[in-house]
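Each chain, letter by letter, is given below.
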Amino acid sequence: MDNSSFYISAITIHDLFGNEQFHWELFPDVNILGGENGSGKSTVLKACHALLKDGFIADEKLAGLVGSIEIEFDNGWLLNWSKQKVDSIEFQREKGFEYYLNSASMDNDGCFSLQKVQASIGEGVTYPVKDLIRQLKVSLINSFEQRLFSQEKMQTVEGNDRTYLDYLIHEQIFKRNATFTGILERIVSALSEGGGIDNLLKEKDIRSFFAFYRVLESFLENYEVATDNQIRLKKKGCDRELSYEDLSMGEKQLILLLLMVNNTVEEPCIFFMDEPDLGMHVVWKEILIRKLRDLNPNMQIVLSTHAPSMIEGWQNRVKEMDQLIQ
């Protein structure tokens, strides 16, 4: 499987919300989905992300909103998912398909709901779904729809007044610092041996590390940002040092999004973004997609938004939900 060209070319959903047929042909770089509240934008993005991440839709409520999904890729692969009602777990399974049982409970008709999924390339040539998923790099940013988690999990982050966004940023910094440690060791080793670091600075992981701060500073023009393994800032003209915890919600959302994209380290990937611009200034919205692609030009973006300013320069990549529903 060739990751260098492994992007979604089309998404087809049958029985979206019970009776709507949805078809979207995608570009390999940027795709923007618009539509009214409740039109199904989030459902499309979340369901496709779940399938490409796990091979099934674990969220029973989300799975209940769609009948079947086909995700086509530009190199000929196809992921085909659907639901099936059976009156017994011991039933005749169709060759070439894998099955997932959402719940052991029966519905009012005495039936179980199974998910049925198949990965294929070419006519009649199927592969284990896990083989497809293992070679895909997919992410979803949906951080601004709050979810509950245990107080114990929150306590793993120092401080008692951390917000949910603080926790998510902390996770991404920890992930990035694993890469940073390796970068630092290589730079120190090169300098101790009397060599230069010019060639090191051209390597992808190091280039990506410094690109994050360059892009962040282009948004936070009123701050001086320290380039280290944390996110430390100072308001220009002020001596007090700040951390990301001291920033506004919109600034934190921006930092989280930049960190998540930066942690792809320029690798080919598919990034679902469900209204990532919420809480951001209109000027930020106008440059957001371009700056994200500065961090990873090999990323396919599949994004939903209500903001006209987000489509600046990408008008030919925009589709409205009512254009895609048949």
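Residues numbered from 1 in each chain as written. Predicted model: local features only at pLDDT ≥ 70, side-chain atom pairs only at ≥ 80, totals over all residues. Heavy atoms only, no water.

Caption draft 1: Spotlight on the overall build of the protein chain. The number of helices and strands found in the protein chain is 10 helices and 15 strands. At 22 Å, the protein chain has a C-alpha radius of gyration in line with the 20 Å of a compact globule built from 326 residues. Here the C-alpha coordinates of the protein chain stretch approximately 70 × 45 × 45 Å along the principal axes. Residue burial in the protein chain is summarised as follows: out of 326 residues, 49% are buried. Residue pairs at least 24 apart in sequence account for 64% of intrachain contacts in the protein chain once pairs closer than 6 positions are excluded. Of note, the protein chain has its 34 positive side-chain charges centred 3 Å away from the centre of its 50 negative side-chain charges. (Helix = DSSP H or I, 4+ residues; strand = E, 2+ residues; numbered from the N terminus. Rg over C-alpha atoms; globule rule 2.2 N^0.38 Å. Buried < 20%, exposed > 50% of the residue type's maximum accessible area, 1.4 Å probe, protein only. Contact = heavy atoms within 4.5 Å. Lys, Arg positive; Asp, Glu negative; His and termini not counted. Charge placed at Lys NZ, Arg CZ, Asp CG, Glu CD.)

Caption draft 2: Broad picture of the pairing of strand 11 (residues 232-235). One ladder, built from three bridges, connects strand 10 (residues 223-225) with strand 11; its direction is antiparallel. The partner of valine 225 across the bridge, within strand 11, is leucine 233. As consecutive antiparallel partners, strand 10 and strand 11 are separated by six residues. Of the pairings in the sheet, the one linking strand 11 to strand 12 (residues 241-243) comprises three bridges and is antiparallel in character. (Pairing = 2+ DSSP bridges.)

Caption draft 3: Broad picture of unusual backbone geometry. Positive phi values are uncommon outside glycine, yet aspartate 15 reaches one of about 60 degrees. For aspartate 15, the location among the structural elements is in strand 1 (residues 8-16). One non-glycine residue, valine 265, adopts positive backbone phi at about 50 degrees. Note that valine 265 resides in the loop between helix 8 (249-262) and strand 13 (269-274).

Caption draft 4: Quick peek at the sheet that holds strand 9 (residues 138-141). An order of 9-13-14-3-15 is seen for the five strands of this open sheet, with the pairing classed as parallel. Here the strands that pair on one side only, and so sit at the sheet edges, are strand 9 and strand 15 (318-320). The average angle at which neighbouring strand axes cross in this sheet is 15 degrees, direction not considered. Here strand 9 pairs with strand 13 via four bridges, running parallel. Following the sheet pairing, leucine 140 is matched in strand 13 by phenylalanine 272. Packing of helix 9 (residues 282-295) onto the sheet brings it into contact with strand 3 (30-34), strand 13 and strand 14 (299-304), and relative to strand 14 it is tilted by some 155 degrees. (Axes fitted to C-alpha atoms, helices over the stretch in contact; angles between N-to-C directions.)

Caption draft 5: Main features of the pairing of strand 4 (residues 68-73). Bridge analysis of strand 1 against strand 4 gives six bridges, and the strand direction is antiparallel. Within strand 4, the residue paired with threonine 12 across the bridge is glutamate 70. Both strand 4 and strand 5 (residues 77-86) contribute to a ladder of five bridges, which runs antiparallel. If you follow isoleucine 71 over to strand 5, its bridge partner there is leucine 79.

Caption draft 6: Region of the structure containing the packing of helix 7 (residues 204-219) against helix 9. Where helix 7 contacts helix 9, the two axes come as close as 11 Å, and the packing angle between them is 170 degrees. With respect to their mutual orientation, helix 7 and helix 9 come out roughly antiparallel. Across the interface between the two elements, Ala211, Phe212, Val215, Ser218 and Phe219 from helix 7 touch Trp284, Ile287, Leu288, Lys291, Asp294 and Leu295 from helix 9. (Parallel < 35°, antiparallel > 145°, perpendicular 65-115°, else oblique.)

Caption draft 7: Expanded view of the pattern of salt bridges. The final tally for this structure, using the stated rule, is nine salt bridges. A salt bridge links aspartate 29 to arginine 317; the shortest N-O distance between them is 3.1 Å. One end of the pair, aspartate 29, is in the loop between strand 2 (20-25) and strand 3; the other, arginine 317, is in the loop between strand 14 and strand 15, and 288 residues separate them in sequence. Its salt-bridge partner being lysine 53, residue aspartate 54 comes within 3.5 Å of it at the nearest N-O pair. Exposure remark for aspartate 54: the relative accessible area of 36% places this residue in the partly exposed category. Lysine 53 gets classed as partly exposed once you look at its relative accessible area, which sits at 45%. (Salt bridge = Lys/Arg side-chain N within 4 Å of Asp/Glu carboxyl O.)

Caption draft 8: Region of interest: the nonpolar core. Counting 53 residues, the largest nonpolar core has Ile231, Leu258, Met273 and Leu292 as the members making the most contacts within it. Considering each element in turn, this core owes the most residues, nine residues, to helix 5 (residues 164-192). The contacts of leucine 258, once residues within four sequence positions are left out, are Phe212, Val215, Leu216, Phe219, Leu292 and Leu295. In this structure, Ile11, Ile57, Leu62 and Phe73 belong to the second largest nonpolar core, which totals 39 residues. (Core = buried A, V, L, I, M, F, W, Y, C linked by side-chain atoms within 4.5 Å.)

Caption draft 9: Structural context of helix 9. With 14 residues, helix 9 extends 20 Å from end C-alpha to end C-alpha; this agrees with the ideal 20 Å at 1.5 Å per step. Most pronounced at leucine 288, the bend in helix 9 amounts to some 50 degrees. Considered for burial, the residues of helix 9 that qualify are Trp284, Lys285, Ile287, Leu288, Ile289, Lys291, Leu292, Arg293 and Leu295. If you follow the buried residues of helix 9, they end up packed against strand 3, helix 7, helix 8, strand 13 and strand 14. (Expected span 1.5 Å × (residues − 1). Bend = angle between axes of the 7 residues up to and from the residue.)

Caption draft 10: Summary view of helix 7. Between its first and last C-alpha atoms helix 7 spans 23 Å; for 16 residues at 1.5 Å apiece the expected length is 22 Å, and the two agree. When we look at burial in helix 7, the residues that qualify are Ile206, Ser208, Phe209, Ala211, Phe212, Tyr213, Val215, Leu216 and Phe219.

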